[in-house]
Every structure is written in structure tokens, then in C-alpha cells.
Amino acid sequence: IAVFGGAPAPDPAPATAALVHAINQSARTEPARLLGMHYVTEGSKNGAVYIARALRKGFNLEPGQGDRSLEPYGPHQQAKWLAFKQGVDSLVFSSMDQEAIIDGARAMFDGITAIAEDSWQRVAVRGISAEVGPSVEVSVPRTRPTVTM
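What counts, and where the lines are drawn
- Per chain, residues are indexed from 1 in the order of the written sequence.
- It should be noted that, the model being predicted, local features are given only for residues of pLDDT at least 70 and side-chain atom pairs only at 80 or more, the latter also being counted only at that level, while totals for whole chains, interfaces and linings use all residues.
- Think of the side-chain values as coming from all heavy atoms in the structure, minus any hydrogens and water.
- With axes taken as lines fitted to C-alpha atoms, and helix axes fitted only over the stretch in contact, angles between N-to-C directions fall between 0 and 180 degrees.
- Helix numbering and strand numbering both begin at the N terminus, where a helix is a DSSP run of H or I of at least 4 residues and a strand a DSSP run of E of at least 2.
- Comment on the angle field: the value is read as roughly parallel under 35 degrees, roughly antiparallel over 145, roughly perpendicular from 65 to 115, and oblique elsewhere.
- Left-handed describes a crossing whose near helix is turned anticlockwise from the far helix by less than a right angle; the clockwise case is right-handed.
- The contact criterion used throughout is that any non-hydrogen atoms of two residues lie within 4.5 Å.
- The residue classification treats Ala, Val, Leu, Ile, Met, Phe, Trp, Tyr, Cys and Pro as nonpolar and Asp, Glu, Lys and Arg as charged. All others, Gly included, are polar.
- Buried Ala, Val, Leu, Ile, Met, Phe, Trp, Tyr and Cys residues that are joined via side-chain atoms within 4.5 Å together make up what is termed a nonpolar core.
- When a residue's accessible area, from a 1.4 Å probe over protein chains only, is under 20% of the maximum for its type it is buried; when over 50% it is exposed; and in between it is partly exposed.

## Quick notes on the packing of helix α2 (residues 31–59) against helix α3 (residues 77–89)
Thinking step 1. Viewed as axis vectors pointing N to C, α2 and α3 meet at an angle of 155°, and their least axial separation amounts to 10 Å. When the axes of α2 and α3 are compared, the pair comes out roughly antiparallel. Helix-helix and strand crossings are classified by hand; for α2 and α3 the assignment is left-handed. On α3, the residues touching Leu35, His38, Tyr39, Glu42, Gly43, Lys45, Asn46 and Val49 of α2 are Gln77, Trp81, Phe84, Lys85 and Val88.
Thinking step 2. Class assignment of the residues belonging to the contact of α2 with α3 gives a composition of 6 nonpolar, 4 polar and 3 charged.

## Section: the nonpolar core
Thinking step 1. Core analysis: the largest hydrophobic core is formed by 8 residues, namely Ala32, Leu35, Trp81, Phe84, Val88, Phe93, Ala100 and Ile101.
Thinking step 2. Among the elements of the structure, α2, α3 and α4 (95–125) are those that each provide at least two residues to this core.
Thinking step 3. For this core, the element with the most residues is α3, which contributes 3 residues.
Thinking step 4. In contact with Trp81, other than residues within four places in its own chain, are Tyr39, Glu42, Gly43 and Asn46.
Thinking step 5. Counting 6 residues, the second-largest nonpolar core is a separate cluster that includes Met37, Val40, Ala105 and Ala107.

These results come straight from atomic positions and should not be treated as a statement about function.
This is how it looks when you write it as C-alpha cells:
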């Protein structure tokens, strides 16, 4: 945010606060559910690499300048993802844990969707154009992704 001349909001938006609460609750009471949430966030970094590249190109930024949240592992993304997947694949989960993992993944998808919707509403309320540029189109998916184990 600082790269673009902005300052973080003093308080998180309601959807963000709700997701943070869900993550913390899962960490305290359901580690398998937390793993499902983490799986989604780690997996999303694969696509975020392409978003980071487009942002750097569109805003003439250097790698590491304003894109850390999208590309935290830099050129090591693929290796990190493969290691994470291999680690998860090497574990044995009970059917109850499998259900909790899937529930956590769905909760993370829902939470991210709610944050996106909340963000667009906040932009609209402020009267700021949601148009980023002539070649950038942003949409929020309305369907829930399929999660299987």
C-alpha cells in the first residue's frame, strides 16, 4: 500500500476481521480445518505470481516493490508449493480430519470472496472508480470452487 502512496486502514474491514477470527479459532480448536485454510492460501500463490507480474508491468515496479503479498517466495514459489504438497500428501488423515480440511478450504474460499465483495463495496461507497486500467478486468467469482481429497 505504501508503494502506491496509501496508508493501511486503521481497523480491518468486517469481512477481514471475520476471516481472521475464523483462522484464529481454527488454530485453537481444529488444526485440520486450519490446514485446509492454509492449503488454499498456499495454492493461491501459484496464480498470484502472474498477478504480481502484471502489476509490476502495469505500474513499472521492480520485483519486491509492492508485490510481496502476492509473491512472497519470489523465484522459489514452485519449489515451496511442491514441498508443501508433498508434506501434506505424506500425512494420513482420518475421515473426520478430511472433512475438517475440506471445510477449512471452503471457509477460506468463502472468506476471501467476502473480503473481495467488501472491498468493492467500500470502493463504491467512496465513489472511487473500480476501473484499474484499460486492459485490467476484475471479477469476483460467484460460485464455490470444488474441493476434493
